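# Residue-level structural notes
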Protein chains: 10
Amino acid sequence: MLFMAEMTVRIPHDLDPQVAEKLKANEKALSQQLQREGKWRHLWRVAGKYANVSIFDVRDNDELHTLLMSLPLYPYMEISVTALAQHSSAIAQN
Amino acid sequence: MLFMAEMTVRIPHDLDPQVAEKLKANEKALSQQLQREGKWRHLWRVAGKYANVSIFDVRDNDELHTLLMSLPLYPYMEISVTALAQHSSAIAQN
Amino acid sequence: MLFMAEMTVRIPHDLDPQVAEKLKANEKALSQQLQREGKWRHLWRVAGKYANVSIFDVRDNDELHTLLMSLPLYPYMEISVTALAQHSSAIAQN
Amino acid sequence: MLFMAEMTVRIPHDLDPQVAEKLKANEKALSQQLQREGKWRHLWRVAGKYANVSIFDVRDNDELHTLLMSLPLYPYMEISVTALAQHSSAIAQN
Amino acid sequence: MLFMAEMTVRIPHDLDPQVAEKLKANEKALSQQLQREGKWRHLWRVAGKYANVSIFDVRDNDELHTLLMSLPLYPYMEISVTALAQHSSAIAQN
Amino acid sequence: MLFMAEMTVRIPHDLDPQVAEKLKANEKALSQQLQREGKWRHLWRVAGKYANVSIFDVRDNDELHTLLMSLPLYPYMEISVTALAQHSSAIAQN
Amino acid sequence: MLFMAEMTVRIPHDLDPQVAEKLKANEKALSQQLQREGKWRHLWRVAGKYANVSIFDVRDNDELHTLLMSLPLYPYMEISVTALAQHSSAIAQN
Amino acid sequence: MLFMAEMTVRIPHDLDPQVAEKLKANEKALSQQLQREGKWRHLWRVAGKYANVSIFDVRDNDELHTLLMSLPLYPYMEISVTALAQHSSAIAQN
Amino acid sequence: MLFMAEMTVRIPHDLDPQVAEKLKANEKALSQQLQREGKWRHLWRVAGKYANVSIFDVRDNDELHTLLMSLPLYPYMEISVTALAQHSSAIAQN
Amino acid sequence: MLFMAEMTVRIPHDLDPQVAEKLKANEKALSQQLQREGKWRHLWRVAGKYANVSIFDVRDNDELHTLLMSLPLYPYMEISVTALAQHSSAIAQN
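Quick summary incoming for the structure in this document. Every chain is numbered on its own, with residues counted from 1 as its sequence reads. Naming scheme: in the order in which they are written, chains are lettered from A and ligands are numbered from 1. Selection of residues for local features in this predicted model requires a pLDDT of at least 70, selection of side-chain atom pairs for listing and counting requires 80 or more, and totals for whole chains, interfaces and linings are taken over all residues. To get the side-chain values, take all heavy atoms of the structure and skip hydrogens and water.

## Focus on the sheet that holds strand β1 (residues 2-9) of chain F
Read around the closed barrel, eight strands run β1(E)-β3(E)-β2(E)-β4(F)-β1(F)-β3(F)-β2(F)-β4(E), paired in antiparallel fashion. Within the sheet, the average angular offset between the axes of one strand and its neighbour, ignoring direction, is 35°. Note on pairing: two strands pair once DSSP finds at least 2 bridges between them. Per the convention used, a helix needs a DSSP run of H or I reaching at least four residues, while a strand needs a run of E reaching at least two, with both numbered from the N terminus. Two strands pair when backbone bridges link them, and strand β2 (residues 40-46) of chain E and strand β4 (residues 77-86) of chain F are joined in this way by three bridges, in the antiparallel orientation. Across the sheet, residue Trp44(E) finds its bridge partner in β4(F), namely Gln86(F). Orientation is described by lines fitted to C-alpha atoms, with helices fitted over the stretch in contact, and by angles between N-to-C directions that extend from 0 to 180 degrees.

Here it is as structure tokens:
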């Protein structure tokens with residue numbers, strides 16, 4: 001089941017830079033693991049912003065929420081979720 | 001080069017139903033042709049809305065605009081375009 | 001799996017009143033059938049508005065979209081969908 | 001009498017983590033007590049957000065306000081309240 | 001129990017003027033009856049707009065909704081409702 | 001002459017609690033004095049928010065501004081003012 | 001007492017052009033009369049829009065509302081009113 | 001003196017197609033004349049929208065307004081104007 | 001050439017009060033000098049807000065920007081600029 | 001390929017002034033180099049704001065994002081990107 005998540009990162013400017021770097025490295029590692037597992041199906045950068053557009057393929061809403069909450073940058077992200085359904089004109093299955 | 005287009009369709013309720021059906025059929029045919037050509041890479045329905053989230057793979061902004069303008073439902077759609085770049089954590093190339 | 005749908009009805013003032021009454025009667029009948037089936041778990045009126053807050057219990061996003069699209073008033077409703085997950089403080093299971 | 005409350009929690013990142021944990025634990029305890037008493041009738045997590053959708057069953061506006069103000073996380077929450085009425089198509093009484 | 005209702009009237013410009021005048025006259029009559037009954041406690045015009053700010057004193061959310069729905073101009077009004085509670089600094093009881 | 005003022009209080013979480021308590025106590029005292037003088041005609045709490053809806057009866061815009069600026073919590077409030085006129089359907093004079 | 005009124009005119013495209021021209025001519029005549037009387041103190045065009053920024057000098061809110069409602073284009077205008085007070089740095093009296 | 005104008009065109013779907021085509025042809029002719037005269041310095045299409053971003057070089061606000069009002073599509077456009085000043089890092093003069 | 005500037009002041013609550021007072025005194029002095037020079041033609045307080053509505057009479061956009069940037073409170077103000085043109089119904093010249 | 005980028009700078013008031021000055025000087029130097037290289041084709045100041053409107057001429061979305069991210073003030077800017085296409089009425093090529 002697919003969901004689009006639009007994530008905007010806002011790291012406070014007074015956060016310890018080392019803490020921030022650690023969070024970003026952990027975020028990257030977990031993100032790539034989830035991509036390899038097929039759960040984080042697409043990850044695109046929004047040009048000009050510290051933001052991304054992502055497509056998740058999860059079993060249900062609970063798995064989506066648990067996954068997003070597990071992201072190291074979660075406390076500094078504003079996330080908006082859109083439930084995606086099969087489009088009747090799409091030639092591929094979701 | 002990838003772009004996200006979020007399209008919302010608003011067909012006036014006093015449009016001739018036959019005209020509307022014809023437009024939708026043409027839209028579907030062209031949409032599927034563009035998907036097969038690889039230009040309309042993804043097409044998802046937004047659950048609960050007459051709207052979609054689409055990913056286009058085009059040569060440049062001009063090709064994107066020409067393609068969107070050629071859609072039969074274009075006069076009845078509100079489209080918002082987001083330029084997508086390669087995300088440094090993505091394991092796939094755009 | 002639960003979703004909240006907030007639906008606002010906007011029937012054009014020049015729609016034939018008999019057509020409108022027919023749509024509303026069919027909407028009510030289908031709504032009550034879906035409630036009895038357990039798919040439309042809650043239905044509340046927003047005080048002062050021709051709008052409702054609803055909770056749907058469906059298998060997935062596709063079932064939600066198909067269900068909402070099948071509503072007779074669908075062409076005249078603006079619907080916003082929120083995916084709901086289990087809250088860790090809730091004493092009931094979703 | 002039912003009200004929907006949509007609550008978004010924004011804990012300042014420089015709040016002492018122990019204070020924050022204490023607040024969350026107290027919030028959970030009070031929330032579960034109010035659920036058991038039937039006043040906090042439903043509690044759902046908004047997928048992807050530190051936010052919830054809640055349904056309260058209270059005697060009147062004053063009881064609702066007193067209850068919400070008593071929540072330990074109240075100073076860090078943005079709450080929006082919607083008064084709910086009986087929907088004429090609902091098969092259950094509010 | 002008090003509620004503020006902010007009502008904005010938007011009568012379509014192609015509505016039959018006689019129908020509109022009839023609706024307004026009926027609205028005025030009902031409004032004054034509800035004021036005399038003490039249910040429509042205050043009614044103020046928003047300067048420069050075809051809009052009002054009203055305070056209703058009703059038993060519960062259902063009575064509020066039924067009352068607002070009964071207004072002749074209801075189909076042409078956009079209403080936003082705010083639940084009001086006793087303010088701890090107020091010298092009068094709600 | 002009547003004005004509605006909608007006031008939302010946002011006290012920074014790092015303000016000294018004693019200072020905050022002092023401000024609130026002074027605000028309450030002044031508010032009650034202004035109510036007794038008939039200038040602050042109504043004061044209602046917005047359910048679920050640290051906010052109020054108020055009706056002021058003042059000589060002119062200048063008196064309104066001077067009065068609002070004199071409130072101890074003024075630096076921490078966001079205030080929106082609406083000029084109210086006599087409604088032709090109101091049975092009471094403003 | 002001064003008020004700023006920001007007025008945006010939206011004449012429906014299917015309004016009889018002769019009716020529209022008559023309304024505009026009457027609006028202009030009344031506007032100039034009110035300017036000469038000193039009640040409509042300033043009238044500026046917003047560059048690029050069918051809109052104006054106006055300053056009214058009236059006795060009270062009621063006079064302002066009555067004046068605005070008397071404008072021939074009133075049914076086709078969206079007006080937003082801002083109450084203006086004496087600025088402590090202004091060298092002129094309002 | 002430079003201004004950015006963002007123009008969105010909304011032609012009503014029930015406007016006579018011949019009238020619309022005539023308006024568009026006249027708009028194009030005038031637009032190209034103004035470009036050749038150096039007053040309409042830049043004209044770009046917003047990808048995916050019936051909208052443009054334009055830079056005008058005019059003597060003053062009045063010339064800008066007169067120019068925009070003279071456009072054949074003016075009654076069907078929503079225009080937002082931004083006054084541009086010389087940027088201290090720009091290597092070119094405005 | 002006239003511009004409306006709407007300025008909202010937001011002084012951070014942790015700014016040194018003496019610094020703030022100095023800034024305000026300098027702002028007042030400069031504001032009054034500019035008013036006497038005829039460049040800051042009108043200055044009104046928005047009732048209930050730390051905000052003003054101002055009309056500037058300047059040679060061009062550059063002079064406007066330079067003037068606004070020179071204000072001592074500029075770093076703490078949010079300013080929105082509207083270009084004003086001669087209104088065809090105005091009896092006075094801008 | 002052209003993009004409009006609207007950039008608003010928000011430097012926190014508690015950032016070390018020397019750090020801020022260094023960032024601004026570096027921003028200016030890089031900005032001018034990019035202008036000379038033809039990549040930052042236009043740079044205009046928004047009158048009254050610490051903001052600019054810019055036109056970039058880049059190979060693709062990735063080059064745009066890399067360029068914007070390389071700006072020294074990037075962490076303190078809010079940037080919104082608009083993809084521009086050739087306008088059919090433009091006399092110049094993009």
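Past the structure itself, the notes keep going.
## Structural notes on the pattern of salt bridges
Residues and elements named next belong to chain E. A side-chain nitrogen of Lys or Arg and a carboxyl oxygen of Asp or Glu constitute a salt bridge if their distance falls within 4 Å. Under the criterion given, the structure shown has 40 salt bridges over all chains. Residue Glu-63 pairs with Arg-59 through a salt bridge whose shortest N-O separation is 3.8 Å. Judged by relative accessible area, which is 13%, Glu-63 ranks as buried. Note on Arg-59: relative accessible area 60%, which makes it exposed. For the exposure calls, accessible area comes from a 1.4 Å probe over protein chains only, and a residue counts as buried if that area is under 20% of its type's maximum, exposed if over 50%, partly exposed in between.

## Comments concerning a negative patch on the surface
Each patch is assembled from residues with relative accessible area greater than 30% and no salt bridge, linking like charges that lie within 9 Å and nonpolar side chains (Val, Leu, Ile, Met, Phe, Trp, Tyr) that lie within 5 Å. Residue burial considers only the protein chains on display, and all accessible areas are found by Shrake-Rupley using a 1.4 Å probe. Under the convention used here, Asp and Glu are negative, Lys and Arg are positive, and both His and the chain ends fall outside the count. Here the site of a charge means NZ on Lys, CZ on Arg, CG on Asp, or CD on Glu. Residues Asp14(A), Asp14(D), Asp14(F), Asp14(I) and Asp14(J) make up a contiguous surface patch of negative charge. For Asp14(A), a relative accessible area of 49% corresponds to the partly exposed category.

## Points about the relation of the copies chain D and chain E
When the copies are superposed, the least-squares fit takes in the C-alpha atoms of residues with a pLDDT of at least 70 in both. Note on the copies: chain D fits chain E at an RMSD of 0.0 Å, the axial shift is 0.0 Å, and the rotation between them is 180°. Put plainly, the chains are arranged around a two-fold axis. Contacts: residue pairs with any heavy atoms within 4.5 Å of one another. When you check the interface residues of chain D against chain E, 100% turn up at the interface there too, and the contact is symmetric in its surfaces.

## Observations regarding the sheet that holds strand β3 (residues 51-57) of chain H
The strand order around the closed barrel formed by eight strands is β1(H)-β3(H)-β2(H)-β4(J)-β1(J)-β3(J)-β2(J)-β4(H), and the pairing between neighbours is antiparallel. Mean inter-strand twist for the sheet, computed between neighbouring axes without regard to direction, equals 35°. Running over the sheet, helix α1 (residues 17-36) of chain H touches β2 (40-46) and β4 (77-86) of chain H and is turned about 135° from β2(H).

## Focus on the packing of aromatic side chains
By convention here, two paired aromatic rings are described through the distance between centres and the angle between planes. Residues and elements named next belong to chain A. Any Phe, Tyr or Trp ring, taking Trp's six-membered ring, that has another such ring centre within 6.5 Å forms a pair; planes under 30 degrees apart are called stacked, those over 60 apart edge-to-face, and the others tilted. Counted according to the given criterion, the structure contains ten aromatic pairs over all chains. The interplanar angle of 45° and the centroid separation of 4.7 Å between the aromatic rings of Trp-40 and Phe-56 together place this pair among those described as tilted. Placement of Trp-40 in strand β2 (residues 40-46) and of Phe-56 in strand β3 (residues 51-57) is noted, with a sequence separation of 16 residues between them. For the pair Trp-40 and Phe-56, a shared accessibility class is recorded, and that class is buried.

## As for the pairing of strand β2 (residues 40-46) of chain J
All names here are of chain J. With six of its seven residues buried, β2 lies for the most part within the structure. Direction of pairing for β2 relative to strand β3 (residues 51-57): antiparallel, over a ladder of five bridges. Bridge assignment links Leu-43 to a residue of β3, and that residue is Ser-54. Counted between consecutive antiparallel strands, the loop separating β2 from β3 contains four residues, among which Gly-48 sits at a positive phi close to 90°.

## Examining the side chain of His87(J)
When you line up the elements, His87(J) lands in the segment after β4 (77-86). Residue class for His87(J) comes out buried when judged on its relative accessible area of 8%.

## Describing the interface of chain A and chain B
Each partner contributes residues to the interface: chain A has 28 residues there, and chain B has 28 residues. Reported buried area values correspond to the accessible surface (1.4 Å probe) lost by two parts on association, with both partners' losses combined. Each partner contributes to the roughly 2,400 Å² buried at the junction of chain A and chain B, and carbon and sulfur atoms together form 64% of this total. Put simply, chain A and chain B have zero salt bridges between them. Polar contact is the term for a pair of N or O atoms within 3.5 Å; when the atoms are in protein, one must be able to donate a hydrogen and the other to accept it, and sequence-neighboring residues count only if both atoms are side-chain atoms. For the pair chain A and chain B, the number of links is 15 residue pairs in polar contact (both at pLDDT 80 or more). Secondary structure elements with two or more residues in the side of chain A that touches chain B: β1 (2-9), α1 (17-36), β2, β3 and β4 (77-86) of chain A. When residues are sorted by character, Ala, Val, Leu, Ile, Met, Phe, Trp, Tyr, Cys and Pro go into the nonpolar class, Asp, Glu, Lys and Arg into the charged class, and all the rest, Gly among them, into the polar class. Each residue belonging to the side of chain A that touches chain B can be placed in one class, and the counts come to 13 nonpolar, eleven polar and four charged.

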